[in-house]
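What follows is each chain in one-letter form.
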Amino acid sequence: MGRLRIKLASSMPAVKKLRAKNGPTYKVNTSVKAKPDSGEKQRGNRDIDFLMPPRGMHDVLPADAPVRDKVVEASRRMAEFYDFAEINTPVLEKVELFKRGVGEKTDIVGKEMYTLRTKGGDKLALRPEGTAPVVRAYLQHGMHKLPQPQRFYYFGPFFRHERPQAGRYRQLWQIGLEIVGGESDPVYDAQIIVMFYRILEELKTGPLSVNMNSIGCRVCRPGYRTKLVAYYKGKDVCKDCKDRLKDNPMRLLDCKKESCQPFKADAPSILDSLCSSCRSHLKQVLEYLEELGLPYFMNPTLVRGLDYYNRTVFEIFPDGEDLALVAGGRYDYLAEMLGGRPTPAAGAAMGVDRIVDLMKGENPKLLQLRIKKKVFLVHIGDLAKKKSLPLMEEFRKASIPIRTSFGKDSLSTQLEAANKNRSDMALILGQKEVYEETIIIRNMETGVQETVPFSKVVDEVKKRWRS
Ligand code: ATP
Ligand code: MG
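### Observations concerning the pairing of strand β8 (residues 171-180)
Consideration 1: Across the 10 residues that make up β8, a large majority, 9, are buried.
Consideration 2: Pairing geometry for strand β7 (residues 150-159) and β8, over 10 bridges, is antiparallel. Opposite Phe 159, over in β8, you have Gln 171 as the bridge partner.
Consideration 3: As judged from the 7 bridges shared by β8 and strand β13 (residues 345-351), these two strands associate in the antiparallel manner.

### Examining the packing of helix α2 (residues 65-81) against helix α6 (residues 186-203)
Consideration 1: One way to put it is that α2 packs onto α6 with a least axis distance of 10 Å and a crossing angle of 140 degrees. Taken together, the axis directions place α2 and α6 in an arrangement best described as oblique. Of the two possible hands of crossing, α2 and α6 adopt the one that is right-handed. Contact residues: Lys 70, Val 71, Ala 74, Ser 75, Arg 77, Met 78 and Ala 79 in α2; Met 195, Arg 198, Ile 199, Glu 202 and Leu 203 in α6.
Consideration 2: Among the residues forming the contact of α2 with α6, the class breakdown is 7 nonpolar, 1 polar and 4 charged.

### Digging into the pairing of strand β12 (residues 326-330)
Consideration 1: The buried count for β12 comes to 5 of 5 residues, which makes it a mostly enclosed element.
Consideration 2: Note that strand β11 (residues 310-318) and β12 share 5 bridges and pair antiparallel. Each bridged residue has a counterpart across the sheet, and for Val 313 the counterpart in β12 is Gly 329.
Consideration 3: Looking at chain direction, β12 and β13 are connected through 5 bridges and run antiparallel. What sits directly across from Gly 328, in β13, is Ala 348.

### Considerations on the sheet that holds β13
Paired through their backbone hydrogen bonds, the strands of a sheet run either parallel or antiparallel.
Consideration 1: Across the sheet, 8 strands lie side by side as β3-β7-β8-β13-β12-β11-β9-β10; this open sheet has mixed pairing. A strand with exactly one partner marks an edge of an open sheet, and here the two such strands are β3 (85-86) and β10 (297-298).

### Structural notes on helix α7 (residues 221-232)
Consideration 1: Taking 1.5 Å of rise per residue, 12 residues should cover 16 Å, and α7 covers 16 Å from first to last C-alpha, within 8% of that figure.
Consideration 2: Of the positions making up α7, those classed as buried are Arg 221, Tyr 224, Leu 228, Tyr 231 and Tyr 232. Seen along its axis, α7 keeps its buried residues to an arc of 90 degrees; they face one direction. For α7, the exposed residues set more than 90 degrees away from the buried face come down to Thr 226 and Ala 230.
Consideration 3: Looking one or two residues beyond α7, the residue adopting positive phi is Gly 234, at roughly 85 degrees.

About the criteria used
- Residues numbered from 1 in each chain as written.
- Chains lettered and ligands numbered in written order.
- Predicted model: local features only at pLDDT ≥ 70, side-chain atom pairs only at ≥ 80, totals over all residues.
- Heavy atoms only, no water.
- Buried < 20%, exposed > 50% of the residue type's maximum accessible area, 1.4 Å probe, protein only.
- Helix = DSSP H or I, 4+ residues; strand = E, 2+ residues; numbered from the N terminus.
- Pairing = 2+ DSSP bridges.
- Axes fitted to C-alpha atoms, helices over the stretch in contact; angles between N-to-C directions.
- Parallel < 35°, antiparallel > 145°, perpendicular 65-115°, else oblique.
- Left-handed = near helix turned anticlockwise from the far one by under 90°.
- Contact = heavy atoms within 4.5 Å.
- Nonpolar A, V, L, I, M, F, W, Y, C, P; charged D, E, K, R; others polar.
- Expected span 1.5 Å × (residues − 1).
- Arc of directions from axis to C-beta.

Treat this as a map of the structure, not an account of what it does.
Right under this line is the structure:
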């Protein structure tokens, strides 16, 4: 056997905490951040490059699991209350789906998509977003024949080849809500917004700001686009904006470059160009929000980076921050863009990584979050060890989490492990107890020990938890 020689200390990525002004703390990997894209080759000892994840991607470690679980559970509870059903689409889809659905000229598809060719010659993409796949599944499975609208939720990884930075990853996790089919009814837009808003409230991510806009429809948007192009013509905009002016003028309003901000500020507002039905739709969405007591800002430059949206678009930010936690809107044309019948729809997605970072920043104690009470089984001697697996099975059947070290350690070492595991109770099974068919229950907080019949131990533990 060869010796494994790994020099870790000097070459493992330094993890640095970044605190945005008045904002959340994001953990970023500075060695990854420091280097521009290097064709996935990274700094440090080349022998151990493979020990680092691909640039911009990160491990979700067990320490973060309780916080992520909280996010997922809160979302799942909300989704199920409002009768949304879970949907899981493949991580890989045909490239064409996103080209047609999200738009070939969008940043997400044109610049950020990971694509590959399979051995069979298919061109596939690691999904950059979840809405187009959900609508693809809706169409493929003929879900228009089911009661409308259909409501879906999902949780999974998405991939975008973006410049890695705090809160911006190349593998990101999203939770999405989509309402597909039925009428283009403003109540659905409002329902999606309030659901995400309440999830974030429950997760205590801090004060929120909801940005609202309408980007019109097939009737009124072309007129606005013409006005926008006329306004921008001859202006000294950045290179990206020059392309946008040709390919996707609405996205001019999305430019983040400092030099383009003054042009944006004076640009004609889309709100002045909405047709009467889009104006009425927007008014009704806002009335629902008011009825719900949900504060919002109108932001006429909010356009979103995906082609499928019409009418309502929205983003929810931590107050005073510029990285959105949730983004979405109405997409009445997407099904048609994918070759289906007209199918009104609305939805949004929430960035789980950003929420987890925020929750940890707001409340570091969350990392020690205890989800369930725990029991630790301490066994001394071979005879007791033999009994330990069947006993754990009894606890599993009763849905009571139980741990053990299965070791040959001394009583005190095992009790220390129980303490480290932050168990509420330890069950101590020694040779004497095995012969007498008993077991000791130790309250880990008070140290009080009681001997109970072995056959009754599950009930005895339950009894103590209730009291
Ligand atoms: P942004 O403006 O931040 O680039 P986006 O408009 O590209 O976001 P969407 O496609 O609408 O974002 O995704 C919904 C949510 O997913 C975002 O509001 C954000 O919380 C999260 N998200 C998007 N891109 C990333 C990323 N690269 N890393 C982490 N989270 C992300
Ligand atoms: Mg983006």
